[in-house]
Amino acid sequence: MLNKLNHIIPDLLLKPRFRFYRHLSMQITIALITINNLSQDSNISVGDRLWIWLLAWAILDAIVYVNACLLVPRMLLTGNIKRYFISISAILFLMVSCNVFFYFYFGNVAALTAELIFTVIYSFSNICLMVAGITALCLFKNGVENKLRIEELQNATMEVELANLKNQINPHFLFNMLNNANILAGEDTDKSSRLLGKLNSLLKYQINDSSKKSVSLRDDIDFLNDYLELEKTRRGKFNYTVKKEGDCDVQIPPLLFIPFVENAVKHNPESGSYVNLSFHIAKSRLHFECENPQPQLFHPKKTGGIGLSNVKRRLNLLFGVDYNLIQCDEKEKYTVRMEFKI
C-alpha cells in the first residue's frame with residue numbers, strides 16, 4: 001500500500017496527464033480562500049462584492065502562478081534567496097494596496113476603519129499562507145523530480161556499464177586478443193608486450209574508471225585508442241584516425257562514445273575498413289564525430305540496440321534538450337555526430 005502511494009504522489013505532481021486536475025485543484029483552493037469577500041460590509045452592494053471577489057481571485061491567482069512558475073524556479077531554486085523574498089514581499093505589498101483600493105473604490109470608504117484593517121490583515125495572512133504552501137509544494141515537487149532523475153540516471157548508468165561489460169569486452173574478444181598475443185610472443189616479443197599492455201589498460205578503464213560519475217575526455221579517448229588498436233591487431237586490414245581539437249582535460253560522463261565506435265567496427269566491410277573519430281571542444285561544447293564505410297551491398301542499419309538506446313537515454317537525463325545526436329546512413333559511409341555541453 002505504501003509503495004503504491006509512493007508512486008501515486010510523484011505521478012500526480014509530475015505526469016502531464018494530471019496537469020488539468022492540478023490546475024483545477026488550485027483554482028478551487030483560491031476560490032475558497034477569496035470567497036469571504038462576498039460576505040463583507042453590507043454597505044457594499046452584492047454586485048460590487050462579487051467584483052471584489054473576482055478581482056481578489058484574479059490577483060491571488062496571478063501571485064500564485066508568478067511565484068510557482070517564475071520566482072521559485074528562477075530565484076529560490078537557483079540560490080537567489082534574498083532576491084526571492086524581496087520580490088515576493090513587493091508582490092504581496094502590491095496586492096494589499098490593491099485590496100485597500102477596491103474597498104475605497106467600491107465602498108466609498110472615507111477612512112480606514114477597524115473592520116477594514118481586520119479584513120485586510122485577515123486576507124493578507126491567508127494569502128501569505130497560500131504563497132508559503134505553494135512554495136513548499138514547488139520545493140517538494142522539485143525534490144521528487146530530482147530524486148526520480150537521479151534514480152533513473154543511476155539505473156541507466158548501471159545498465160550501460162553492465163551492457164558494456166557483457167558485450168564490448170566479451171570472452172570471444174578476449175580469447176582472440178590473448179591468442180594473438182600468444183602467437184606474437186614467439187614472433188615479435190615487443191609487439192606482443194604492447195598488445196598485452198593495451199589490453200590491460202582497456203580492461204582497467206572498463207572495470208574501474210567507467211564506474212565513476214565523470215572522467216577526463218583524454219582518458220576516454222585513450223580508452224578508444226586502445227580499443228581500436230586491439231581491433232587493428234586482430235583484423236590486420238583495418239585503419240583508424242583520432243583527431244582532437246581543444247582542451248581534452250574536460251570532464252565528461254564515461255562510456256558515451258564506445259557504443260558508436262563498437263557499432264562502427266562491427267559494420268565495417270572486410271576490405272577498406274576504417275573508423276575515423278573526431279573530437280572538437282569549443283565554447284564549452286564538445287563535438288564528436290564517428291565515421292565508417294558501408295559494406296558494398298548497402299543495407300540501411302536498423303536503429304536501436306542496447307548500447308545506442310542507453311546512450312540516448314543517458315543523454316536525455318544528463319543534458320535534457322541541450323544536446324544533438326545525428327546519425328547519417330548514406331550509401332558509402334555511416335556517420336554519427338554528437339554535440340553536448342561540457
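Reading the values: rules and limits
Along every chain, residues carry numbers that run from 1 in the direction the sequence is written. Side-chain atom pairs in this predicted model are given and counted only at pLDDT of 80 or more, local residue features only at pLDDT of at least 70, and totals for whole chains, interfaces and linings cover all residues. Calculation of side-chain values draws on the structure's entire complement of heavy atoms; hydrogens and water are dropped beforehand. UniProt positions are given in the numbering used here, feature names are shortened, and annotations may be inferred rather than shown by experiment. Per the convention used, a helix needs a DSSP run of H or I reaching at least four residues, while a strand needs a run of E reaching at least two, with both numbered from the N terminus. Using a 1.4 Å probe on the protein chains alone, a residue whose accessible area is under 20% of its type maximum counts as buried, one over 50% counts as exposed, and one in between counts as partly exposed. Between N-to-C directions, angles cover 0 to 180 degrees, with each direction set by a line fitted to C-alpha atoms, over the stretch in contact for helices. Note on angle classes: values under 35 degrees are labelled roughly parallel, values over 145 roughly antiparallel, values of 65 to 115 roughly perpendicular, and the remainder oblique. Should the near helix be turned anticlockwise from the far one by less than a right angle, the crossing is termed left-handed; should it be turned clockwise, right-handed. In what follows, a contact means two residues having at least one pair of non-hydrogen atoms within 4.5 Å. The residue classification treats Ala, Val, Leu, Ile, Met, Phe, Trp, Tyr, Cys and Pro as nonpolar and Asp, Glu, Lys and Arg as charged. All others, Gly included, are polar. Take the buried Ala, Val, Leu, Ile, Met, Phe, Trp, Tyr and Cys residues and link them wherever side-chain atoms come within 4.5 Å; each set so joined is a nonpolar core. Two strands make a pair as long as DSSP finds a minimum of two bridges between them. Here, a salt bridge means any side-chain nitrogen of Lys or Arg that lies within 4 Å of a carboxyl oxygen of Asp or Glu. Only the six-membered ring of Trp is used, alongside the rings of Phe and Tyr, when aromatic pairs are assigned; centres must lie within 6.5 Å, and planes under 30 degrees apart are stacked while those over 60 apart are edge-to-face, with the rest tilted. Here a polar contact is taken to be a pair of N or O atoms separated by no more than 3.5 Å, where protein atoms must pair a possible hydrogen donor with a possible acceptor and residues adjacent in sequence count only if both atoms sit in side chains.

Q: Could you clarify how one ought to interpret the UniProt feature "transmembrane region" (unreviewed entry) in the protein chain in this entry?
A: According to UniProt, the "transmembrane region" (unreviewed entry) feature falls on residues 20-38, 50-72, 84-105 and 117-140. Note that residues 50-72 is 100% helix and 0% strand, and that its end C-alpha atoms are spaced 31 Å apart.

Q: Hey, could you run me through unusual backbone geometry in this one?
A: Where the residue is not glycine, phi is negative for most of them; where a peptide bond is considered, it is trans in most cases. For Leu-255, which is not glycine, the phi dihedral falls at a positive 60°. Within the secondary structure, Leu-255 is located in the loop between strand S3 (251-252) and helix H9 (258-266). Exposure remark for Leu-255: the relative accessible area of 2% places this residue in the buried category. The backbone of Lys-283 shows a phi angle near 55°, a positive value even though the residue is not glycine. For Lys-283, the position within the fold is in the loop between strand S4 (273-282) and strand S5 (285-293). Classification of Lys-283 by relative accessible area gives exposed; the value is 81%.

Q: Help me understand the packing of helix H7 (residues 189-207) against helix H8 (residues 217-235), please; the structure alone is not making it clear to me.
A: In a packed pair of helices, the relevant descriptors are the angle between the two axes and the axis-to-axis distance. Contact geometry of H7 with H8 gives a least axis separation of 9 Å together with a crossing angle of 135°. Our classification of the angle between H7 and H8 gives oblique. Two packed elements cross with a definite hand, and for H7 against H8 that hand is left-handed. Seen from H7, the contacting residues are Leu-195, Lys-198, Leu-199, Ser-201, Leu-202, Tyr-205 and Gln-206; seen from H8, they are Asp-219, Asp-220, Phe-223, Asp-226, Tyr-227, Glu-229, Leu-230 and Thr-233. By residue class, the composition of the contact of H7 with H8 is 7 nonpolar, 3 polar and 5 charged.

Q: Mind showing me how you'd approach the nonpolar core here?
A: What tends to happen in soluble globular proteins is that the nonpolar side chains get buried as a cluster. In terms of nonpolar packing, the biggest core is built from 39 residues, with Leu-217, Phe-257, Leu-277, Phe-279, Leu-286, Phe-288 and Phe-340 touching the most fellow members. Counting residues per element, the ones that place at least two in this core are H7, H8, H9, S4, S5, helix H10 (306-319) and strand S7 (333-341). Ranked by residues supplied to this core, first place goes to H8 with 7 residues. For Phe-279, the residues in contact, after removing those within four places along its chain, are Leu-217, Ile-221, Leu-224, Val-242, Lys-243, Lys-244, Glu-245, Phe-257, Leu-286, His-287 and Phe-288. Within the second largest apolar cluster, 19 residues are counted, among which are Leu-60, Val-64, Tyr-84 and Ile-88.

Q: How should I be thinking about the packing of helix H2 (residues 19-34) against helix H3 (residues 46-76) in this particular structure?
A: Interhelical geometry of H2 versus H3 gives an angle of 130° and a closest axis separation of 9 Å. Judged on the interaxial angle alone, H3 and H2 are oblique. Once H2 is placed against H3, the crossing between them reads as right-handed. On the side of H2, the interface is formed by His-23, Met-26, Gln-27, Ile-30, Ala-31, Ile-33 and Thr-34, while H3 contributes Trp-53, Ala-56, Trp-57, Leu-60, Asp-61, Val-64 and Tyr-65. Class assignment for the residues of the contact of H2 with H3 results in 10 nonpolar, 3 polar and 1 charged.

Q: Mind showing me how you'd approach the sheet that holds S7 here?
A: Read across the sheet, 5 strands follow the order S2-S4-S5-S7-S6 without closing on themselves; strand pairing throughout is mixed. Edge strands, defined here as strands with exactly one partner in the open sheet, are strand S2 (238-245) and strand S6 (323-329). For this sheet, the mean inter-axis angle between neighbouring strands, taken without regard to orientation, is 5°. Pairing between S6 and S7: 7 bridges, direction antiparallel.

Q: What is the right way to read the pattern of salt bridges from this model?
A: A side chain with one charge may pair with a side chain of the opposite charge, provided their charged atoms come close. Counting across every chain of the model gives 5 salt bridges. Where Asp-322 meets Arg-285, a salt bridge forms, and the shortest distance between an N and an O atom there is 3.1 Å. On the criterion of sequence distance, the pair formed by Asp-322 in the loop between H10 and S6 and Arg-285 in strand S5 is long-range, its members being 37 residues apart. The exposure class of Asp-322 is partly exposed, given its relative accessible area of 33%. By relative accessible area, Arg-285 is classed as buried at 18%. The shortest N-O distance in the salt bridge between Glu-291 and Lys-333 comes to 3.4 Å.

Q: Looking at this structure, how should I read H9?
A: One full turn of an α-helix is made of 3.6 residues, so residues set three or four places apart face in the same direction. Most of H9 sits out of view: 7 of its 9 residues are buried. For H9, the set of buried residues is Ile-258, Pro-259, Phe-260, Val-261, Asn-263, Ala-264 and Val-265.

Q: How should the packing of aromatic side chains be read in this particular structure?
A: For any pair of aromatic rings, the description consists of the separation of the ring centres together with the inter-plane angle of the planes. Here the structure, examined in full by the defined rule, presents 8 aromatic pairs. When the centroid spacing of 5.5 Å and the interplanar angle of 80° are considered together, the rings of Phe-20 and Tyr-21 count as edge-to-face. With a centroid separation of 4.8 Å and 20° between ring planes, the pair formed by Phe-319 and Phe-340 is classed as stacked. On the criterion of sequence distance, the pair formed by Phe-319 in helix H10 and Phe-340 in strand S7 is long-range, its members being 21 residues apart. What links up through ring pairs into an aromatic cluster is the set Phe-257, Phe-260, Phe-279 and Phe-288.

Q: Would you mind going over the side chain of Glu-339 with me for this structure?
A: Within the secondary structure, Glu-339 is located in strand S7. Polar contacts involving the side chain of Glu-339 include one to the side chain of Arg-285, which spans 2.6 Å. Glu-339 has contacts with Arg-285, Leu-286, His-287, Tyr-323 and Asn-324, leaving out every residue within four places of it along the chain.

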